[in-house]
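What follows is the residue order along each chain.
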Amino acid sequence: MLPMTQDDGDLDSLVRKRIRALRVAQGWSLDELATRARLSPSTLSRIENGRRRLALDQLVTLARALDTTLDQLVETATDDVISSPTIDAAHGLMRWPIRADPGMTVVRQRMTNPPPDNPSRMRAHPGREWLVVLSGTAVLLLGNRRFRVETNQAAEFPTMLPHAIGADGGPCEILGIFDRDARRGHQRGQDTADAEGPPR
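This structure is a prediction, so every number in the text was calculated from the model and none was measured.

Asker: In this structure, what is going on with the sheet that holds strand S5 (residues 138-142)? I would like to understand it.
Answerer: What holds strands together in a sheet is hydrogen bonding between their backbones, with the strands either parallel or antiparallel. What the three strands build is an open sheet, ordered S6-S5-S8; its pairing is antiparallel. Since the sheet does not close on itself, it has two edges, and those belong to strand S6 (145-149) and strand S8 (163-167), each with one partner. Across the sheet, the axes of successive neighbouring strands diverge by a mean angle of 20°, strand direction being ignored. In terms of strand pairing, S5 meets S6 through five bridges, oriented antiparallel. Following the sheet pairing, Ala138 is matched in S6 by Val149.

Asker: Would you take a moment to explain helix H3 (residues 41-49) for this structure?
Answerer: Within H3, the full set of buried residues consists of Thr43, Leu44, Ser45, Ile47 and Glu48. Phi for Gly50, located one or two positions after H3, is positive at around 80°.

Asker: Would you explain the nonpolar core in this entry?
Answerer: One broad rule of soluble globular proteins: the nonpolar side chains tend to lie buried together. By size, the foremost hydrophobic cluster in this structure holds 16 residues, and its most contacted members are Ile19, Leu33 and Leu62. Counting only elements with at least two residues in this core, the list comes to helix H1 (6-25), helix H2 (30-37), H3 and helix H4 (56-65). The leading source of residues in this core is H4, at four residues. In contact with Leu33, other than residues within four places in its own chain, are Ile19, Arg23, Trp28, Leu44, Leu62, Ala65 and Leu66. Leu142, Phe157, Ala167 and Cys172 belong to the second-largest nonpolar core, a separate cluster that totals 13 residues.

Parameters at a glance
- Residues numbered from 1 in each chain as written.
- Predicted model: local features only at pLDDT ≥ 70, side-chain atom pairs only at ≥ 80, totals over all residues.
- Heavy atoms only, no water.
- Pairing = 2+ DSSP bridges.
- Helix = DSSP H or I, 4+ residues; strand = E, 2+ residues; numbered from the N terminus.
- Axes fitted to C-alpha atoms, helices over the stretch in contact; angles between N-to-C directions.
- Buried < 20%, exposed > 50% of the residue type's maximum accessible area, 1.4 Å probe, protein only.
- Core = buried A, V, L, I, M, F, W, Y, C linked by side-chain atoms within 4.5 Å.
- Contact = heavy atoms within 4.5 Å.

Listed below in structure tokens is the structure:
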């Protein structure tokens, strides 16, 4: 058997802490997780407390019982915790990719224009969107309805409904989260980006 390095020891400790944290997050006792993983509670306790060697077959079983993957269970902390935005000054946008889910994007946008009066400038597309107003008041047009979204209020809506967003009574800033389909839908509508809201 090869001697354990410092890095191996750090990973071993991290995996044990992660197993316990995931169990607690699910609200499960040792007995409950042990039953789901087909382990004895004492074996699971020794795994969590570092008194039993981590075996690959047990890690696979525990990952499955915790509704995660082996890769996620043993992934190490990365140094790239902080990221800087891509800035699109022309549209007043800042964009951050979500590394854990490359299809997702976070967008911050400052808006000064009201939503469009012309329904033909509203967009509809597949995907999911969620947004929160950071400051000011936004107006969300959704189908035939009109919603005022105040500071600290959030909106989540089916993007297959024609929609547009703009400022109401002065500038507003919004933060939106978009999946890949929603981002593509907004890219196709870049000509209406200023009026419609957070794209890309």
